[in-house]
Amino acid sequence: MKADKNYVYTERAHFMCPNMHFGIMAKMESIYDEEQLRRSMDTMQKAHPFLHSLIADEEDTGRIYYQIQDYLNIPVMVKEEAALWQQDYEEISVQGWNVKKECLLKVVVYPKGSEFQILFIAHHLLCDGRGLLQLVEEFAGHYINGVIPQLAEEHLIQGLNDLPPNSDLPFISKLIIGDANRKWKKEGQQVKYEDYRAFERAYIQKHKMKWEIFTVCNHELEEIQTLCRQRNITVNDWLIAKMMLEENTNKVVIAADIRNQTRCYKQGAMGNYSTAFSVSVKTNEENVISLAKRVASQVLNICQHPQKEMLVLACYIHMLPELIDAVAISSLGDFESKAGTFVGRNMFGYGSQNGYSITNLGKIQSNVIAEAVFIPPASPANKKIWGVLTVNNHMKICTSNLIAER
């Protein structure tokens, strides 16, 4: 039976915005075999329609959707030196990502004797961080143990009805977005994708990123986990507090998985089933545990109120899609739009570009993945981003830093 067409809804914020890609680098304790790798990639594509889809414009309505292609291979590059992964990641990044012509997943492989490392780079239109981690696990399971992932058709968040009750915007926020929508309509313009692509390449080439990886070993992680349990906080609370202290900031944006809260998510599907919200603690506290307890209290409060937790998704749902397309290029480029600039600077954080953010994919135990690191998306709104992933009791923190304009 043919699946319903998947239109781009809340994912629209990732369509015309630079650096909307991220990665996971994983080590496989198995010999690299080109034919086996291609079989695993083909098997994954059969399980996930978005892996053989491009983004297309619907002719009669102009809406954009995931268009399934009969022949679309996941591009795989084989490199010799895993230590140079940052260079390879940057080389892919500076080209931008033409989602109308390129597969939403790119792969780099680093063979070395009886093992190999593999770098999955995903566009945010394919999935969120948890979705990419699932893909890496599925690949490893098939490549090493022959486990075939089951078909998981995507059902994206299409509106407020897919979110928890009481997720709609506050009255004032509706007025602000409604006013921005009206101003955009009055401007009577639209961003062409080819114009965005030229802006994207210029922006990425000008704004250089640097990545650093820090490992928290078993013993240290156990101490942190024990301390957090004793103080009734989570490791994520501890990480937020740690970032606040290290970066001398009282505000951090965190990502939150909402798969178990949406009405549309189907087990194993690609797509974005996450939200983001800011945690702001006005304090001069210097002790990470004391600060983490204050953070925990605020996170709990936000998660108990869907209107706060789902705020960013509700904004996307209420905003005109074409206005969302104009936000990055009008705020950061040379496209003239007062409505787009207003939204970008006041709602998307593109004014100061001085944000701090953490995405923690959690922890997994695996007998097919030896270790892995999550490379977070370098949103133009942020100065520094932490990507956190714990595999087999080894936590790795990858920091993405905006270091200078070229």
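Details of the structure are given in the entry above.
Going along each chain's sequence as written, the residues are numbered from 1 onward. With the structure being a predicted model, the display of local features is reserved for residues of pLDDT at least 70 and the display and counting of side-chain atom pairs for 80 or more, all residues being used for whole-chain, interface and lining totals. Side-chain metrics in this entry use all non-hydrogen atoms of the structure; hydrogen atoms and water are not considered.

Any chance you could explain the overall build of the chain here in plain terms?
The secondary structure content of the chain amounts to 12 helices and 13 strands. C-alpha atoms define the radius of gyration, and 2.2 Å times the number of residues to the power 0.38 defines the globule rule. On C-alpha atoms alone, the chain measures out to a radius of gyration of 21 Å, which is about the 22 Å that the 2.2 N^0.38 rule sets for 406 residues. If you line up the chain on its principal axes, its C-alpha atoms span 60 × 55 × 45 Å. Exposure classes here rest on a 1.4 Å probe applied to the protein chains alone. A residue is buried below 20% of its type maximum, exposed above 50%, and partly exposed in between. For the chain, the proportion of its 406 residues judged to be buried stands at 56%. Here a helix means four or more residues in a row that DSSP labels H or I, a strand means two or more in a row labelled E, and each is numbered from the N terminus.

Can you walk me through helix α10 (residues 311-318) in this structure?
Structural remark: α-helix, 3.6 residues per turn; residues separated by three or four positions point the same way. Here α10 has its buried residues at Leu313, Ala314, Cys315 and Tyr316. Residues count as neighbours in contact if any of their non-hydrogen atoms are within 4.5 Å of one another. The inward-facing, buried residues of α10 abut α4 (171-187), β9 (274-280) and α11 (321-332).

Is there a simple way to explain the side chain of Glu58 in this structure?
Following the sequence through the fold, Glu58 ends up in the loop between β2 (53-57) and β3 (64-68). In terms of polar contacts, Glu58 uses its side chain to reach the side chain of Lys5, at 2.9 Å. For this analysis, a polar contact is any N or O atom pair within 3.5 Å, provided that within protein one partner can donate a hydrogen and the other can accept it, and provided that sequence-adjacent residues contribute only side-chain to side-chain pairs. Only 2.6 Å separates the side chain of Glu58 from the side chain of Tyr7, close enough to count as a polar contact. If near-sequence neighbours (up to four positions away) are discounted, Glu58 is found in contact with Lys5, Tyr7, Arg63 and Tyr65.

In this structure, what is going on with the sheet that holds strand β4 (residues 76-78)? I would like to understand it.
Strand-to-strand pairing in sheets goes through backbone hydrogen bonds, with the strands running parallel or antiparallel. Between any two strands, at least two bridges found by DSSP are needed for them to pair. Reading across the sheet, the 5 strands line up as β4-β5-β6-β1-β11 and stay open at both edges, with mixed pairing between neighbours. The open sheet has two edge strands, β4 and β11 (371-375), and neither has a second partner. Strand-to-strand, the axes of this sheet are offset by a mean angle of 15 degrees, without reference to chain direction. As judged from the 8 bridges shared by strand β1 (residues 21-28) and strand β6 (residues 115-123), these two strands associate in the antiparallel manner. Considered in β6, the bridge of Phe22 is made with Ala122. Seen against the sheet, helix α1 (residues 34-47) touches β4, β5 (105-112) and β6 and runs at an angle of roughly 30 degrees to β6. Across the face of the sheet, helix α3 (residues 129-145) comes into contact with β1, β5, β6 and β11 while running at roughly 30 degrees to β1. Orientation is described by axes fitted as lines to C-alpha atoms, over the contacting stretch for helices, and by angles from 0 to 180 degrees between their N-to-C directions.

Would you explain the side chain of Thr275 in this entry?
Following the sequence through the fold, Thr275 ends up in strand β9. Residues in contact with Thr275, not counting those within four places in the same chain, are Ile254, Ala255, Ala256, Ile258, Glu309, Met310, Val312 and Leu313.

Explanation requested: a nonpolar patch on the surface in the structure shown.
Residues qualify for a patch when their relative accessible area is over 30% and they have no salt bridge, like charges being joined within 9 Å and the nonpolar side chains of Val, Leu, Ile, Met, Phe, Trp and Tyr within 5 Å. Residue exposure ignores everything except the shown protein chains as possible cover, and the areas themselves are Shrake-Rupley values with a 1.4 Å probe. For this document, the term salt bridge refers to a Lys or Arg side-chain nitrogen within 4 Å of an Asp or Glu carboxyl oxygen. Among the surface-exposed residues, Phe171, Ile172, Leu175, Ile176, Phe342 and Met347 lie close enough to one another that they form a single nonpolar patch of about 570 Å² accessible area. The element contributing the most residues to the nonpolar patch is α4, with 4 residues. Of note, Leu175 is situated in helix α4.

I tried to follow a negative patch on the surface on my own but got confused; where do I start?
Where like charges cluster on the molecular surface, the negative patch consists of Glu194, Asp195, Asp334 and Glu336. With respect to the element layout, Asp195 can be found in helix α5 (residues 193-206). According to the relative accessible area criterion, Asp195 is partly exposed, its value standing at 42%. Neither His nor the chain ends contribute to the count of charged residues, in which Lys and Arg are positive and Asp and Glu negative. One atom stands in for each charge, and that atom is NZ of Lys, CZ of Arg, CG of Asp or CD of Glu.

I'm lost on helix α6 (residues 218-230) in this one. Help?
With 13 residues, α6 ought to run about 18 Å at 1.5 Å a step, and its terminal C-alpha atoms sit 18 Å apart, in line with that. What α6 keeps buried is the set Leu221, Ile224, Gln225 and Cys228. The arc that holds the buried residues of α6, viewed along the axis, is 95 degrees, so those residues lie on one side. Of the exposed residues in α6, the ones pointing more than 90 degrees away from its buried face are His219 and Gln230. Asn232, located one to two residues past α6, shows a positive phi value of around 60 degrees. The span expected for a helix works out to 1.5 Å for each residue beyond the first. Taking the helix axis as origin, the arc is that swept by the directions to the C-beta atoms.

Explanation requested: the nonpolar core in the structure shown.
Nonpolar side chains tend toward joint burial in soluble globular proteins. To qualify as a nonpolar core, a set must consist of buried Ala, Val, Leu, Ile, Met, Phe, Trp, Tyr and Cys residues joined through side-chain atoms within 4.5 Å. Core analysis: the biggest nonpolar cluster contains 106 residues, and Leu105, Ile118, Phe120, Leu126 and Phe139 have the highest contact counts within it. For Leu126, the residues in contact, after removing those within four places along its chain, are Phe50, Leu51, Leu104, Leu105, Leu135, Met270 and Gly271.

Could you clarify how one ought to interpret the environment of Asp128 in this entry?
Here Asp128 is to be found in the loop between β6 and α3. Judged by its relative accessible area of 3%, Asp128 falls in the buried class. Discounting residues that sit within four places of it in the chain, Asp128 has contacts with Phe22, Arg259, Gly271, Asn272, Tyr273 and Ser274. Engagement of the side chain of Asp128 in a polar contact is seen with the backbone nitrogen of Tyr273, the distance being 3.0 Å.

How do you make sense of unusual backbone geometry when you look at a structure like this?
Across the chain, the bulk of peptide bonds are trans and the bulk of non-glycine residues have phi less than zero. With a phi angle near 60 degrees, Asn19 is a residue other than glycine that sits in the positive phi range. Here Asn19 shows up in the segment before β1. Phi angles above zero are rare outside glycine, and Gln353 is one such case at about 50 degrees. Positionally, Gln353 belongs in the loop between α12 (338-346) and β10 (355-364).

Please clarify how the packing of aromatic side chains should be interpreted in this entry.
The geometry of an aromatic ring pair comes down to the distance between the two centres and the angle between the two planes. By convention, a stacked pair of Phe, Tyr or Trp rings (six-membered ring in the case of Trp) has centres within 6.5 Å and planes under 30 degrees apart, an edge-to-face pair has planes over 60 apart, and any other such pair is tilted. Inspection of the entire model under this criterion finds 17 aromatic pairs. Joined through ring pairs, the aromatic side chains of Phe15, Tyr193, Tyr196, Phe199 and Tyr203 make up one cluster. In this analysis the charged atom, NZ for Lys or CZ for Arg, is taken to sit over a ring once it is within 6 Å of the ring centre and within 35 degrees of the ring normal. Against the face of Tyr65 rests Lys5, its NZ or CZ located 4.3 Å from the ring centre. Here the basic side chain of Arg63 rests over the ring of Tyr7, its NZ or CZ set 3.6 Å away from the ring centre.

How do you make sense of the packing of α11 against α12 when you look at a structure like this?
The relative placement of two packed helices is expressed as an angle between their axes plus a distance between the axes. At a minimum axis separation of 7 Å, α11 and α12 run at an interaxial angle of 80 degrees. Considering their axes alone, α11 and α12 lie roughly perpendicular with respect to each other. The segment α11 lies against α12, with Leu323, Ala326, Val327, Ser330 and Ser331 engaging Ala339, Gly340, Thr341, Val343, Gly344 and Arg345. Orientation is classified from the angle alone, with under 35 degrees giving roughly parallel, over 145 giving roughly antiparallel, 65 to 115 giving roughly perpendicular, and any other angle giving oblique.

Explanation requested: the pairing of β3 in the structure shown.
Direction of pairing for β2 relative to β3: antiparallel, over a ladder of 5 bridges. Across the sheet, Ser53 pairs through a bridge with Ile68, a residue of β3. In textbook terms, the turn of a hairpin is the stretch between consecutive antiparallel strands, and for β2 and β3 this stretch comprises 6 residues, one of which, Gly62, has a positive phi near 80 degrees.

Just distances and angles here, no functional claims.
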